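Residues per chain, in single letters:
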Amino acid sequence: MSNLFHASKAAGDITLLLEAEKVAHSFMKGVHGRRRVGTGETFWQFRPWQPGDARRDIDWRQSAKRDGAFVRQTEWEAAQTVWLYRDPSGSMEFGVKKDYAEILLLALGIALLNGGEQVGLLGTDLVPQTGYPSIQRLFEMLPAQKILAESGRPIAARSHVTIISDFYFPVEEMRDFCERLAARHVRGTLVQVFDPAEAALPYSGRVKFEDIEGLDTDTLDIPQVDAIRAEYAQKFIAHQKALNEMAHCFGWTFEKFSTDIKPEAALMQLYEVLVKK
């Protein structure tokens, strides 16, 4: 995986798009003909009633034939708009996170466009795209994405945002952004991408750490990094837990992927989240 990503940097950005297409096509072979619940008219299936389901959705005739209440589900027939974003900040340059995030974003875009959805790039003026050939325009506009801010084309209510980042900043900053969108019934998925070394801190002895964002010119000199490994791991996990709790309080989803996970597996998991929304 890492060899492929390093090769992509040498060959130019177009290699990222080619790799994304490879990942998406491999994924789509396994989801051909996938159906999902929605607001269409075509019958899909009956399923048991669950807490949170509206009583008006219960099919009383079918329920009378079975043991318990059952809900009638139809297929999704109306396209939704999914806004995609990958964090361009300096911390994403560590390891292969930036390339991994961009391949995941583009592959997800390809899969969504192929499925009939509309896809936009958060923070740009690009009109949400439809149809598989539109992935080229999304790829060309990707460098226009700046540090996360609600700028560019307005996000319509009841659409969906997928934000890919390492989230190495205070959770409160992300909370403010998500809260504004959630107030307009925008749904979302936060996707953390991290390098295995960032989770495990696999160093020993004396280590000097520098701020990769360039905001702090001072270095952090740790005489024995082994002595802080356990505390570091606890804080890393605590940050992920805080992101997960924050996302769930808005009805959003939090997913996390180490860059040693195949992007096909990450794409499958993200797609499953989106089609269940």
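Preceding this paragraph is the structure being described.
Every chain's residues receive numbers from 1 upward, in the order its sequence appears when written. Reporting in this predicted model follows two pLDDT cut-offs: at least 70 for local features of residues, and 80 or more for side-chain atom pairs to be given and counted; totals over whole chains, interfaces and linings ignore these cut-offs and use all residues. As a rule here, side-chain values come from all non-hydrogen atoms in the structure, and water together with hydrogens is ignored.

**Q** Can you help me understand the pattern of salt bridges in this one?
**A** Side chains that differ in charge, positive against negative, can pair when their charged atoms come close. Each salt bridge in this description consists of a side-chain nitrogen of Lys or Arg and a carboxyl oxygen of Asp or Glu lying within 4 Å of one another. Under the criterion given, the structure shown has 7 salt bridges. With a closest N to O distance of 2.8 Å, Lys-97 and Glu-198 form a salt bridge. Of this pair, Lys-97 sits in helix 4 (residues 97-114) while Glu-198 is found in helix 7 (residues 196-200), placing the two residues 101 residues apart along the sequence. When accessible area is computed with a 1.4 Å probe and restricted to protein chains, residues below 20% of their type maximum are described as buried, those above 50% as exposed, and intermediate ones as partly exposed. On the basis of relative accessible area, Glu-198 is assigned to the buried category, the value being 10%. Note that Asp-221 is salt-bridged to Arg-206, the shortest N-O span being 3.0 Å. Secondary structure elements follow DSSP: runs of H or I no shorter than four residues count as helices, runs of E no shorter than two count as strands, and numbering proceeds from the N terminus.

**Q** Help me understand the pairing of strand 5 (residues 160-165) in this model?
**A** Within a regular beta strand, the side chains point alternately toward one face of the sheet and then the other, so they alternate between its two faces. For strand 5, the tally of buried residues reaches 6 of 6 residues, placing the bulk of the element in the interior. By the alternation rule, side chains of strand 5 split into His-160, Thr-162 and Ile-164 and Val-161, Ile-163 and Ser-165, which are all buried. Strands qualify as paired when DSSP identifies two bridges or more between them. Pairing analysis gives 5 bridges linking strand 3 (residues 81-86) to strand 5, with the strands arranged parallel. Within the sheet, the bridge partner assigned to Val-82 lies in strand 5 and is His-160. A crossover gets the label right-handed when its path from the first strand over the helix to the second runs clockwise, viewed with the strands pointing away from the viewer. Where the polypeptide runs from strand 5 across helix 6 (residues 171-182) and back to strand 6 (residues 187-194), its parallel neighbour, the crossover connection is right-handed.

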